[in-house]
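Okay, here's what each chain looks like letter by letter:
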Amino acid sequence: MKHITFIFTVAALICSCGRNIVSDIIPEPSEIHMAGGYFHLPDTLETGCPDSSFLSLDKAFKALVPDTEFRLNVSDKGSLTIMKQDGIAEGGYRMKVSRRGILIEAADYGGAVSATATLGQMVSDGRIPCCTIQDSPRFGWRGFMLDVSRHFFSKEEVMDLLETMASYKFNRFHWHLTDDQGWRIEIRKYPELTDNGAWRDPLAHNHDIICARIAESMEDPSYVLDHSKIVIRDGKEVYGGFYSQEDIREIVAYAGALGIEVVPEIDMPGHSLKVVESYPELSCGGVARWGKDFSVPLCPGNDGLLQFAKDVYSEIFSLFPFGYVHIGADEVEQTHWKTCPKCQARIKSEGLADENGLQAWFVKEMQGFFAANGKKLIGWDEIVSGGAPSEATVMWWRGWRPDTRATAVENGHELIVSSSEFLYLGGEQDRNSLMKVYNWDPVADGLAGLEDKVLGIQAHLWAETVPTFANACNRIFPRLFAVSELAWSDPAQKDAGHFNRRVLLHLRKLEEKGMNYRIPDLSGFCDVNVFADSVRIDVEKPFEDMTVRYTADGTIPRSSSPIYDSPLTISSNTTLHFRPYTSDGMPGDIFRAEYRKTSYMEPCMETDTDALKSGLKADWYEFRGEACDSITHVPFNGSYVTEGVYIPEEVKGNIGLVFTGYINIPEDGIYSFYTYSDDGSYIRINGEMIVDSDGPHSRMERSGQAALKKGLHAFEARYFDHSGGILEAGFIMPDGRRRLFEAGDFLHTEGQSKTSPEI
Ligand SMILES: [Zn+2]
């Protein structure tokens, strides 16, 4: 791998006006004061560790501060001394770095690992800047979940992930070990779970077929099924793998040394096709198949299932020392239970209301078994609706069911916030996805006043279309940095600009370690660009030395396409595609930039007149359709005047908005506009489509340009949404900054469009 050096030192520590000195550390520490000078790391650092329970820190030092060797002694003397200290918030630490040595005082083992992570991030060129730090976490539960069922990740990959988690102060690893697509943990009493359930024919498996198609059409090696996970069985190539109990013990011990508790998830009674395939008698119909929405579940009417579940969890309890174990209990296809005589008999004998009650009964039975074995049960938030016992911990994921959070807390459950909207890291990324996570507050709305029942937050990676570790890392980073800040740092310290600068530094650190990440956006162009005679295209790269390839024939850039290394000049209509590559040759997103030759639009009016009023006229319609042009064909709710293009608080439900007026252009020029919306939006100027983001979609930015002469131009923006959307719109400034439309940008004629009823 290409070696990259970058400055990660006190030189990069900046003092932003009116704030304490801030660091390059992620997550941002509570308090850091720089003292000047450096501690120079020797080849071997004598480390005093008076508390013998801290001795497994040697593994954390090796993983998080690889620049030097630490020799740990049970003593209070050393160039580095690390000790347990009362009076520090749980999970927190204090650190003092001087020219002579380093003193770390930690509340507990987790705090000592977090201090080590900070130390590791501060080393540069073999030295650490002198400073004092006081630091403690916002939340005690700082989790990340990896799905190893849909695609399998090796022991070594899991360990790499754990190291990276520890360096960003995550302390819970939720391991989604079983699902319909693969059973990944050896259970000695039921060997067929892995003998059969860990392997599949990739040529017949939907997820693998999709990945192969993307790998080919997008020339993306991160979608090529990992060959190390393909073996020959009975003369046939099969894909998969599983962890032996020995592997599990090794990983759990390593996680423990890194201050990470491991939460295993064995998903029941749904998501269990692999159980049904091997032990069909445990399901209602005895056939492994798909139901209306989900796979055929296990049969809670069958006493054999309870025995199976207890046997499996008993082996799980012996492998995972942490107090919490996850039972899943999500997305259960209850239709099968309706026609199963055993399930119906159970509903009757237990006096349950219906199939929902049967699901709750199963969870309750298991919760009792967990408790008798000294374990706490965690379930996905579906367990709330069934009335799960309050001792169960709820993992809230359904972003579209925000009410479940408060209900869970009111019912006495502990809550882990893992919103599908903000903390599921598998979804597509764009230039706004990192800030979407960073700017969110996990307890801001719906949980205000209930924070003490929130254990913390957790991000997730589901792996249906994530066939390699490189692909996983592309989804996880840099968004996991934002999750790290949400989980650890004081939200009052948020500073998007400072965070974005740190992200670039940390992406380079990942690259040095050979880990993949999503390459930040290229910039310097819109989706649609215009020019009069010719245009010079100057693409801005996130890293100066980054390879960018491009095409001008409408095809996607491939590894054989020309390298973009200097500005391009074009003078006719052209569509360019750009694609950045990491130093390991992993491709980033593809950026499409259309260039249209055009002439300057004449204004409708040269200057303001008395007949015009400030702002835009907005018409609000009761709209359920899926295209902006249809908005005006439905019932009209009312009009209002607005300074910008956004959704006022009063406007709710099935929204269709039409903004009309004139945009005030101060001088001749080519102007760039954008919308950021969920769902569709567009901007037309003088009737011409400038920004087209129409159609139903999740949050998306689209941009376009117009060549405009000084004066007033007819402006129209449209937007629709069905379920809690977002709308931002404005100019893209020459420096790339987005500037929302504001007072002074627009004028409108009274009575220009619909005039009543007023809102
Ligand atoms: Zn049944």
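Residues numbered from 1 in each chain as written. Predicted model: local features only at pLDDT ≥ 70, side-chain atom pairs only at ≥ 80, totals over all residues. Heavy atoms only, no water.

A.B. asks: I'd like a rundown of the coordination of the zinc ion, residues and numbers included.
C.D. replies: Taken together, the protein donors to the zinc ion comprise Cys-284 (SG), Cys-299 (SG), Cys-340 (SG) and Cys-343 (SG), at separations of 2.3 to 2.4 Å. If you list the donors of the zinc ion from N- to C-terminus, the spacing comes out as C-x14-C-x40-C-x2-C. A residue pair is termed long-range when its members are at least 10 positions apart, and Cys-284 in the loop between helix H7 (273-278) and helix H8 (303-319) and Cys-343 in helix H10 (residues 341-349) qualify at 59 residues. (Donors = N, O, S within 2.8 Å, 3.2 Å for Na, K, Ca; no water. Helix = DSSP H or I, 4+ residues; strand = E, 2+ residues; numbered from the N terminus.)

A.B. asks: Any chance you could break down the environment of Asp-610 for me, citing the residues and the numbers?
C.D. replies: Looking at the secondary structure, you find Asp-610 in the loop between strand E26 (591-597) and strand E27 (612-614). Take Asp-610: its relative accessible area is 77%, and that puts it in the exposed class. Taking the C-alpha atoms as reference points, Asp-610 and Thr-749, 139 residues apart in sequence, are found 9.6 Å from one another. (Buried < 20%, exposed > 50% of the residue type's maximum accessible area, 1.4 Å probe, protein only.)

A.B. asks: Residues and numbers for the confidence of the model for the protein, please.
C.D. replies: Across the protein, the average pLDDT comes to 92, with 96% of residues at 70 or higher. A low-confidence stretch, residues 1-21 (pLDDT under 50), is modelled with 48 contacts involving residues beyond four sequence positions or located in other chains. (pLDDT = per-residue confidence, 0-100. Contact = heavy atoms within 4.5 Å.)

A.B. asks: Tell me about the packing of aromatic side chains, residues and numbers included.
C.D. replies: With the rule as written, the count across this model stands at 39 aromatic pairs. Between Phe-54 and Tyr-109 the ring centres are 6.0 Å apart and the planes differ by 75°, which places this aromatic pair in the edge-to-face class. Of the two residues, Phe-54 is situated in the loop between strand E2 (44-48) and helix H1 (57-64) and Tyr-109 in helix H2 (residues 109-122); the sequence distance between them amounts to 55 residues. Across the pair, exposure class does not vary: Phe-54 and Tyr-109 are buried alike. Ring centres 6.0 Å apart and planes at 10° place the aromatic pair Trp-397 and Tyr-424 in the stacked group. Here Trp-397 is found in the loop between strand E18 (393-396) and helix H13 (403-410), whereas its partner Tyr-424 is found in the loop between helix H14 (420-423) and helix H15 (433-438), with 27 residues between them in sequence. Exposure remark for Trp-397: the relative accessible area of 9% places this residue in the buried category. Positioned above the aromatic ring of Tyr-38, the side-chain terminus of Arg-127 is 3.6 Å from the ring centre. For Arg-549, the ring lying beneath its charged end belongs to Tyr-581, and the centroid distance is 5.9 Å. (Phe/Tyr/Trp six-rings, centres within 6.5 Å; stacked < 30°, edge-to-face > 60°. Lys NZ or Arg CZ within 6 Å of the ring centre and 35° of its normal.)

A.B. asks: Outline the domain arrangement of the protein, supporting the account with residue identities and numerical values.
C.D. replies: What the domain assignment reports for the protein is domain 1 (10-135), domain 2 (141-198 + 241-512), domain 3 (528-597) and domain 4 (612-749). The centre of domain 1, based on its C-alpha atoms, is set 50 Å off from the matching centre of domain 4. (Domains from an automatic or database assignment.)

A.B. asks: Any details on the pattern of salt bridges? Residues and values, ideally.
C.D. replies: This model, assessed by the stated rule, comprises 42 salt bridges. Salt-bridge contacts for Asp-226 lead to Lys-229; the nearest nitrogen and oxygen are separated by 2.9 Å. In this structure Asp-226 comes out as buried when scored by relative accessible area, which is 16%. Overall, Lys-229 belongs to the buried group, its relative accessible area being 4%. When the shortest N-O distance is used, the salt bridge between Glu-716 and Arg-718 registers 2.6 Å. Taken individually, Glu-716 and Arg-718 each receive the classification buried, so the pair is uniform in this respect. (Salt bridge = Lys/Arg side-chain N within 4 Å of Asp/Glu carboxyl O.)

A.B. asks: Break down H1 for me, with residues and values.
C.D. replies: Residues Leu-57, Ala-60, Phe-61 and Leu-64 constitute the buried set of H1. Buried residues of H1, viewed axially, fall in a sector of 100°; they line one side. Lining the buried residues of H1 we find E2, strand E3 (69-73), strand E4 (80-84), H2, helix H3 (155-167) and helix H6 (245-257). (Arc of directions from axis to C-beta.)

A.B. asks: Could you give me a rundown of the nonpolar core, with the residues and numbers involved?
C.D. replies: Nonpolar side chains in soluble globular proteins tend to be buried together. Residues Trp-175 and Tyr-313 are the most contacted members of the largest nonpolar core, which totals 154 residues. Of all the elements, H8 adds the most residues to this core, at nine residues. Structurally, this core is a two-domain feature, drawing no fewer than three residues from each of domain 1 (10-135) and domain 2 (141-198 + 241-512). Once residues lying within four places of it in the same chain are set aside, the contact partners of Tyr-313 are Ile-266, Met-268, Val-325, His-326, Ile-327, Met-366, Phe-369 and Phe-370. Listed in part, the 28 residues of the second largest apolar core include Leu-616, Ala-618, Trp-620 and Ala-729. (Core = buried A, V, L, I, M, F, W, Y, C linked by side-chain atoms within 4.5 Å.)

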